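Chains, contacts and geometry: an overview
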Amino acid sequence: MIRDTSGQDIPLTAERPWKNPRLLKRAGLGLGALAFVVWGISSWQGTHAVDASVSLSRVNIAQVERGDLVRDLVVQGKVVAANSPTLFSPAQGIVKFAVKAGDLVSRDQLLAEVDSPELQNQLAQETALHSKLSIELERQKIQAKRQRLENTQKADLAKVDLTAARRELKRAELSMQKQIISRLDFEKATDDLARAELEYAQAVQNSALENEALAFETQTLQLQVDQQKLQVEELQRRVNELRITSPVDGTIGSLAVTQRSAVAANAPLLTVVDLTSFELEAAVPENYADDLGLAMTVEINMGGKKLPGEITAIAPEVIDGQVVARVRFTGGQPENLRQNLRLTARVLLENRNDVVLVKRGAFLDQTGGRFAWKLNDQQQAVKVPITIGAVGLNQVEIVSGLKAGDQIITSSAEALENAQIVALRE
């Protein structure tokens with residue numbers, strides 16, 4: 001009899017899959033592979049249209065907003081004396097200094113004296129000539145008075161002769177009527193009257209002409225005296241200027257020559273520094289030279305204190321890539337100022353109200369201010385054309401291409417060079 005295999009079979013209990021470690025491991029590996037495939041497909045779908053990608057940690061992002069743009073410039077400057085006159089020798093001579101370099105001086109204090117014998121001698125000669133002309137003028141006035149008196153006397157005598165001739169003619173007329181005198185005597189009396197009238201008229205005219213000539217000669221001599229007086233006054237002024245005094249309250253900056261040196265006329269002698277008037281001499285980069293203007297507002301920083309000022313002068317030339325501008329303190333002279341003291345100044349070039357602006361960044365230099373990368377909702381930055389306006393120290397005006405609320409990349413990166421769309425990754 002043939003027996004079946006039931007005796008060899010062993011009943012087994014079926015195991016649950018979630019309790020099998022090997023099955024769990026295989027399932028975990030499969031799920032991980034599936035997730036990786038899904039992530040890869042998602043990443044490919046998100047980046048297949050971009051030109052490059054960049055990490056958010058490597059770029060700076062700023063938001064476009066509307067506000068006031070202050071276009072300014074921060075420069076370094078040094079304090080210089082606004083008034084430091086150089087005094088010159090008024091004439092040739094020997095200079096004798098009454099001060100030395102560094103001395104404090106007050107206004108009208110004697111600083112130096114120039115000994116000029118030539119100028120002194122010239123003044124004495126011109127003074128003597130003025131005295132001589134003055135005496136000649138007085139003599140001319142006396143002579144004119146005498147001559148006028150003689151002219152008047154001649155005219156008066158001619159008038160007396162005229163009166164006598166008229167009386168003689170009247171007597172001749174009466175005698176002629178009575179036939180006491182002859183016709184010849186009567187005609188002689190008539191001729192004498194005519195001669196007397198002519199002599200009187202000529203005497204009056206001669207007196208007037210001589211008086212005019214005397215007045216002209218006196219006036220001419222008076223003008224010579226006045227001219228000589230002006231000459232003496234001019235020389236006296238030059239002699240007085242041989243005593244050189246301080247024009248301001250200050251200090252002696254430097255001596256151009258040594259004590260008791262022979263100097264020529266108009267040679268520099270010394271410099272006086274006015275300690276009551278200081279200005280700031282600021283060096284401005286030449287690319288901002290066209291933006292500078294007189295009376296432009298300046299904010300000077302002195303020890304953390306803001307002092308108002310304004311530009312009073314701009315140099316016409318560029319030296320070492322810089323333009324020198326003079327800044328005056330408009331709020332009063334501050335205390336404790338020293339020459340060559342270094343200060344920082346903020347020049348307010350322009351102030352624009354209610355404009356679209358964004359934080360200034362390296363993207364301006366990278367694109368020349370013609371493009372910007374604007375963020376969208378898909379973690380991407382899209383290159384858009386823009387137009388910039390005024391550029392401030394910290395902000396730049398956006399004329400077109402962006403609006404308030406937009407976000408852009410303000411830094412520069414190599415990935416942004418030629419990319420139109422850039423993916424942003426964490």
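First, a word on what this report is: a plain description of the structure on this page. Given the structure is predicted, the values throughout are model-derived calculations rather than measurements.

**With respect to the overall build of the protein chain**
Looking only at helices and strands, the protein chain has four helices and 22 strands in total. Expressed as a percentage of the 426 residues in the protein chain, the buried residues total 31%. A sequence separation of at least 24 residues applies to 76% of the contacts in the protein chain between residues at least 6 apart. Of the roughly 27,500 Å² of accessible surface on the protein chain, a fraction of 51% belongs to carbon and sulfur atoms.

**Overview of the environment of Arg171**
Within the secondary structure, Arg171 is located in helix α2 (residues 117-177). For Arg171, a relative accessible area of 45% gives the class partly exposed. Sequence separation between Arg171 and Phe186 is 15 residues; the distance between their C-alpha atoms is 9.2 Å. Polar contacts involving the side chain of Arg171 include one to the side chain of Glu168, which spans 2.4 Å.

**Digging into the pairing of strand β7 (residues 110-115)**
Looking at chain direction, strand β5 (residues 93-97) and β7 are connected through four bridges and run antiparallel. Note that in β7 the partner of Ile94 across the bridge is Asp115.

**Overview of the sheet that holds strand β11 (residues 268-274)**
Strand order in the open sheet formed by four strands is β4-β11-β9-β6, with antiparallel pairing between adjacent strands. At either margin of the open sheet sits one strand with a lone partner, and together these are β4 (86-88) and β6 (104-105). As judged from the five bridges shared by strand β9 (residues 250-255) and β11, these two strands associate in the antiparallel manner. Residue Thr251 lies in a different strand from β11, and its bridge partner there is Val273.

**Some words on the packing of aromatic side chains**
A complete count under the given rule lists zero aromatic pairs for this structure. Sitting above the plane of the Phe371 ring, Lys383 keeps its charged end 4.5 Å from the centroid.

**Digging into the pattern of salt bridges**
According to the stated counting rule, one finds 16 salt bridges in the structure shown. A salt bridge links Glu168 to Arg171; the nearest nitrogen and oxygen atoms lie 2.4 Å apart. Of this pair, Glu168 and Arg171 both sit in helix α2, three residues apart, which is roughly one turn of the helix. When its relative accessible area of 37% is taken as the criterion, Glu168 is described as partly exposed. Ionic pairing is found between Glu281 and Arg326, a salt bridge with its closest N-O pair at 3.5 Å. Separated by 45 residues along the polypeptide, Glu281 in strand β12 (residues 278-285) and Arg326 in strand β15 (residues 322-329) bring together distant segments of the chain. A relative accessible area of 23% places Arg326 in the partly exposed class. Look at the salt bridges and you will find they share partners, linking Asp72, Glu299 and Arg346 into a network.

**Some remarks on the pairing of strand β22 (residues 421-425)**
Relative to β22, strand β1 (residues 52-55) runs parallel, the two being bridged by four bridges. Bridging across to β22, Ala52 finds its partner in Val422. Summarising the sheet, strand β18 (residues 380-385) and β22 pair through three bridges and their orientation is antiparallel. Counted as the bridge partner of Ala381 is Val422 from β22.

**Some points on the nonpolar core**
With 23 residues, the main nonpolar core has Val95, Leu111, Ile252, Leu269, Leu270 and Val272 as its most contacted residues. Elements that contribute at least two residues to this core include exactly β5, β7, α2, α3 (183-240) and β11. In this structure, Leu270 is in contact with Pro85, Thr86, Leu87, Phe97, Val99, Leu111, Ile252, Ser254, Leu255 and Ala256, ignoring residues within four places of it in sequence. Counting 22 residues, the second largest nonpolar core, distinct from the first, contains Val79, Phe278, Met302 and Leu307.

**Notes on the side chain of Glu126**
Mapped onto the secondary structure, Glu126 falls in helix α2. Although Glu126 is buried, it makes no salt bridge; Arg238 carries the closest opposite charge, 9.7 Å away.

**Some details on empty space enclosed by the protein**
As enumerated under the stated definition, the model contains one cavity of 30 Å³ or more in all. The computed volume of the largest cavity comes to approximately 30 Å³. Every residue along the wall of the largest cavity is listed here: Ala282, Val284, Leu292, Ile311, Ala325, Val327 and Val347. Classifying every residue of the lining of the largest cavity gives seven nonpolar, no polar and no charged.

**Here we look at α2**
The first and last C-alpha atoms of α2 sit 90 Å apart over 61 residues, in line with the 90 Å expected at 1.5 Å per residue. Phi for Gln179, located one or two positions after α2, is positive at around 60°.

**A closer look at the side chain of Lys383**
Positionally, Lys383 belongs in strand β18. Given the relative accessible area of 18%, Lys383 is considered buried. Non-local contacts of Lys383, meaning those with residues more than four positions away in its chain, are made with Phe371, Ala372, Trp373, Glu417, Ala419 and Gln420.

**A short note on the sheet that holds β5**
One open sheet accounts for four strands, arranged β8-β7-β5-β10; its pairing is antiparallel. Because the sheet does not close on itself, it has two edges, and the strands there are β8 (243-245) and β10 (262-263). As paired elements, β5 and β10 share two bridges and run antiparallel to each other. Looking at the pairing, Ile94 lines up with Ala262 of β10.

Conventions used here
- Residues numbered from 1 in each chain as written.
- Predicted model: local features only at pLDDT ≥ 70, side-chain atom pairs only at ≥ 80, totals over all residues.
- Heavy atoms only, no water.
- Helix = DSSP H or I, 4+ residues; strand = E, 2+ residues; numbered from the N terminus.
- Buried < 20%, exposed > 50% of the residue type's maximum accessible area, 1.4 Å probe, protein only.
- Contact = heavy atoms within 4.5 Å.
- Areas by Shrake-Rupley, 256 points an atom, 1.4 Å probe, with all protein chains shown as cover.
- Polar contact = N/O pair within 3.5 Å; in protein donor to acceptor, adjacent residues only side chain to side chain.
- Pairing = 2+ DSSP bridges.
- Phe/Tyr/Trp six-rings, centres within 6.5 Å; stacked < 30°, edge-to-face > 60°.
- Lys NZ or Arg CZ within 6 Å of the ring centre and 35° of its normal.
- Salt bridge = Lys/Arg side-chain N within 4 Å of Asp/Glu carboxyl O.
- Core = buried A, V, L, I, M, F, W, Y, C linked by side-chain atoms within 4.5 Å.
- Lys, Arg positive; Asp, Glu negative; His and termini not counted.
- 1 Å grid on protein atoms, 1.4 Å probe; cavity = no way out; pocket = protein on both sides within 12 Å on 5 of 7 lines; lining within 4 Å.
- Points joined across faces, edges and corners; volume = space filled by probe spheres on them.
- Nonpolar A, V, L, I, M, F, W, Y, C, P; charged D, E, K, R; others polar.
- Expected span 1.5 Å × (residues − 1).

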